[in-house]
Amino acid sequence: MDTQTIERYGDELYASLLSRIPVEPLTNREPGITIDDAYQIQLRMIQRRLDAGEVVIGKKIGVTSKVVMDMLGVNQPDFGHLLSGMVFNEGEPVDTSKMIAPKAEAEVAFILARDLTGPGVTAADVLRATDCVMPCFEIVDSRIKDWKIKIQDTVADNASCGVLTLGGTRRSPRDLDLALAGMVLEKNGEIISTSCGASVQGSPVNAVAWLANTLGRLGISLKAGDVILSGSQSPLVPVKAGDSLHCSVGGLGSTSVRFI
């Protein structure tokens, strides 16, 4: 895909972010689009946000479960960029009117204490490099109309990232087994999902190692202080104004988010 086309689609997705008017799937309009093309479009969209004053604060990992991989016809996760304008702290309400069709995911966030540079990063390296982990919500939002996405669509759209909320409790990942830690997700007081960390690439730690190695092959390092969202441990939960979610992770703590 030529540079002009990449820039046009990146600009279109950025405009959709601002207007909250979704666009037709890129894969319908460009049947030959590759995942590499999609990442270049993602970078154009991110650059527009950086030009507007935001800064990159980390990365997110998506498509970590076998169910979602099968749905999108791929055999590996994807990634997107986290930016300063996406972050909500615990207790801060999330305004759904600023999104198109938000859906929430419960997961574990990693905060790095030092750089991670792949390839060759192992799970043990991730544990040594991580300052702390905390429960969190990612509220994904697709700029693609009606969530009719293939892997190239979601990658181009910054892995469908919307906003994120970080919980107030934090622990060292060396003090618990994140693969075995159970997660319970409640919506409006009712349990809607139970899972454990092993549902994410065998462990959220493995997912972060995958990200470091994938970025390393592109000449990119994860940096000290980066926030890394390790991938959803829950189904996608549609949310609207008036909803509230509560997530608890065994040995780690809990977090809540409400929507206005």
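The rules we used
- Residues numbered from 1 in each chain as written.
- Predicted model: local features only at pLDDT ≥ 70, side-chain atom pairs only at ≥ 80, totals over all residues.
- Heavy atoms only, no water.
- Pairing = 2+ DSSP bridges.
- Helix = DSSP H or I, 4+ residues; strand = E, 2+ residues; numbered from the N terminus.
- Axes fitted to C-alpha atoms, helices over the stretch in contact; angles between N-to-C directions.
- Buried < 20%, exposed > 50% of the residue type's maximum accessible area, 1.4 Å probe, protein only.

Participant: Describe in detail the sheet that holds strand β8 (residues 190-196), supporting the description with residues and values.
Facilitator: Strands sit in the order β8-β7-β11-β12 across an open sheet of four strands; the sheet is antiparallel. Both outer strands of the open sheet, β8 and β12 (253-258), are each paired with one neighbouring strand and no more. In this sheet, adjacent strand axes meet at a mean angle of 15° when their direction is disregarded. Inspection of the sheet shows strand β7 (residues 182-187) paired to strand β11 (residues 244-249) by five bridges, in the antiparallel sense. Residue pairing for β11: Glu 186 is matched across the bridge by His 246.

Participant: Outline the pairing of strand β4 (residues 103-112), listing residues and values.
Facilitator: Buried residues dominate β4, accounting for ten of its ten residues. Bridge count for β4 against strand β5 (residues 130-140) is ten bridges, and the pairing is antiparallel. Across the sheet, Lys 103 pairs through a bridge with Val 140, a residue of β5. As defined by bridge partners, β4 adjoins strand β10 (residues 237-238) across two bridges and the pair is classed as antiparallel.

Participant: So what's going on with unusual backbone geometry? Residues and values would help.
Facilitator: The phi angle of most residues is negative, glycine excepted, and most peptide bonds adopt the trans form. The peptide bond linking Gly 118 to Pro 119 adopts the cis configuration, its omega dihedral lying at 0°. Tracing the chain through its elements places Pro 119 in the loop between β4 and α5 (123-129). Notably, Trp 147 is not glycine yet its phi reads approximately 55°, a positive angle. Residue Trp 147 is classed as buried on the basis of its relative accessible area, which comes to 18%.

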